[in-house]
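Here is what each chain is made of, one letter per residue.
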Amino acid sequence: MAEKLAVLGGPKAVQTPAGNIFDWPIVTQEAEDAALGVLRRGAMSGTDVTKKFEDEYAAWQGTKYALAFSTGTAALQGAMYGCGVRTGDEIICPSVTYWASAMPVFSLGGTVVFAEVDPDTLCIDPKDLERRITKRTKAIVVVHYCGYPAPMAEIMEIANRRKIKVIEDVSHAHGGVSGGRKLGSIGHVSGMSLMSGKSLAIGEGGMLCTDDRETYEYALSLGHYERFGADIQTEELKQFLGLPIGGYKYRMHQCSSAVGRVQLKDYDARNAEILKAMNYFWDLLDGAPGIRAHRPPRGSGAEMGGWYAAHGLYRAEELGGLSITRFCQAVAAEGCSTGPGCNIPLHLHPVFNTCDIYGAGKPTRIAHSRRDLRQPPGSLPVSEKIPAMTYSVPWFKFCRQNIIEEHANAFRKVAENYKLLLDSDPGNPPTLGGWHFFSHR
Ligand SMILES: *Cc1c(COP(=O)(O)O)cnc(C)c1O
């Protein structure tokens, strides 16, 4: 049935006002009171609330230790250091991710080798990553991209066989599940952002989780001087107690920890509601040409977590080659917010190619390498195509069926009437997507 597309002057598919269905984060009176309590006690720089938050987080995550950081970026740097990443070492990280999955390695003297992502999961491709392991590889950073649980069983098998650590970056996928286990408790260590845009949003903050005491203590030694004391068990570290050996200060602001305790308590219920809403959205689009849900198959023992930066997959070949750019223009005209692309592949950015950050006389990426491991345009063909194969989808926080149906209709209407758009298709610009998604207020 040909319906007139809004972009060609027809009526919009989305008519009902969104209300608060997209609002995030949800800040309750209880969260406000918790933050005020910290302010009124003047306890912003303390650690009493933070330690309670860590205990609760570790229990929720199912790991022995949880260590709070000022940001997710710092937590990931701590995870890398905890895994033994030092000067000259390599990590392997997907190219399609937020920069903080990889960049903290530079400050440790290490470097990064980027791996391809799988075009269906948008997570690191296990086969490709194995090919990139060298004698200098210390750790693999696995990103559960846009909420999708990476194939952890396969990745852990490779890592254990090759004696390499796995760092899970759970910044997009709090509460997700892989192989029946909660993301963030499967790898050797995990790091995650808890900043305001993420699905578990506490303000600014990050968390590191692990079962391994030594990893925990090395991560702590970098930037938690006030806790780098008598109860440290790692022999090698004992001689340095009292000062942060990284020269960083990574303590979490206690307004964040106080809000975090409340957000964590409410999180499972909110995540379940998001899951229900997003699954309803994608169920409605089942079978629509050219578009595919970005979620694991049912019965796979895997489940999305939080759906941060939710995206869909695009298969232009099913739509006569219609560009993602024109497709998204048409969906947006229907009153549904979407945009083409996701994270621009990191290996294309000059900071990974030419930037001499620390004045070593050569680009930081290869400052301590025996070979030139830089990856020029064309070297990661799958990753470079991903932006033209993805688009953002609405992130529903409540399962209000009528609103979700209208948004799903916007996508279906455009997909089913794609032929009407082929003539006016401007094609894609040279780059799609951005280096990050969050827009600051
Ligand atoms: C947001 C994010 C981070 C960094 O977290 P911050 O709290 O912003 O420092 C790291 N990795 C990924 C994948 C992210 O999306």
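Residues numbered from 1 in each chain as written. Predicted model: local features only at pLDDT ≥ 70, side-chain atom pairs only at ≥ 80, totals over all residues. Heavy atoms only, no water.

### Some remarks on the sheet that holds strand E3 (residues 111-115)
Okay, so step 1: The seven strands are arranged E1-E9-E8-E5-E4-E2-E3 in an open sheet whose pairing can be described as mixed. With one partner strand each, in any of the chains shown, strand E1 (65-69) and E3 form the two edges of the open sheet. Here the average twist between neighbouring strands, direction ignored, is 25 degrees.
Okay, so step 2: As judged from the three bridges shared by strand E5 (residues 165-169) and strand E8 (residues 189-193), these two strands associate in the parallel manner. Among the inter-strand pairings, Asp169 is bridged to a residue of E8, identified as Gly191.
Okay, so step 3: With respect to the sheet, helix H5 (residues 152-162) is in contact with strand E4 (137-143) and E5, its orientation differing from that of E5 by roughly 150 degrees. (Pairing = 2+ DSSP bridges. Helix = DSSP H or I, 4+ residues; strand = E, 2+ residues; numbered from the N terminus. Axes fitted to C-alpha atoms, helices over the stretch in contact; angles between N-to-C directions. Contact = heavy atoms within 4.5 Å.)

### Considerations on the pairing of E8
Okay, so step 1: Where burial is concerned, most of E8 is hidden: five out of the five residues are buried.
Okay, so step 2: In the sheet, E8 pairs with strand E9 (residues 206-210) via five bridges, with the strands oriented antiparallel. Bridge assignment links Gly191 to a residue of E9, and that residue is Leu208. (Buried < 20%, exposed > 50% of the residue type's maximum accessible area, 1.4 Å probe, protein only.)

### Here we look at the sheet that holds strand E12 (residues 390-392)
Okay, so step 1: Overall, antiparallel pairing links the three strands, which are arranged E10-E11-E12 in an open sheet. Two strands close off the open sheet at either side, each with one partner strand: strand E10 (291-293) and E12. The sheet shows a mean angle of 35 degrees between the axes of neighbouring strands, direction not considered.
Okay, so step 2: For E10 and strand E11 (residues 311-314), the ladder comprises three bridges, and the chain directions are antiparallel. Residue Arg292 lies in a different strand from E11, and its bridge partner there is Leu313.
Okay, so step 3: Those strands touched by helix H9 (residues 324-333) are E10, E11 and E12, and its axis lies near 25 degrees from that of E12.

### What to know about the site of the ligand
Okay, so step 1: Thr73, Asp169, His172, Ser193 and Lys198 are the nearest of the 16 residues found near the ligand.
Okay, so step 2: For the ligand, a nitrogen atom lies 3.4 Å from a polar atom in the side chain of Ser171.
Okay, so step 3: Note that an oxygen atom of the ligand is positioned 3.0 Å from one of the side-chain N or O atoms of Lys198.
Okay, so step 4: Burial of the ligand by the protein amounts to 94% of the accessible area it has alone, namely 380 Å².
Okay, so step 5: Top element by residues in the shell around the ligand is helix H3 (residues 72-82). It accounts for three residues.
Okay, so step 6: A per-class count over the shell around the ligand returns five nonpolar, nine polar and two charged. (Near = heavy atom within 4 Å. Polar contact = N/O pair within 3.5 Å; in protein donor to acceptor, adjacent residues only side chain to side chain. Areas by Shrake-Rupley, 256 points an atom, 1.4 Å probe, with all protein chains shown as cover. Nonpolar A, V, L, I, M, F, W, Y, C, P; charged D, E, K, R; others polar.)

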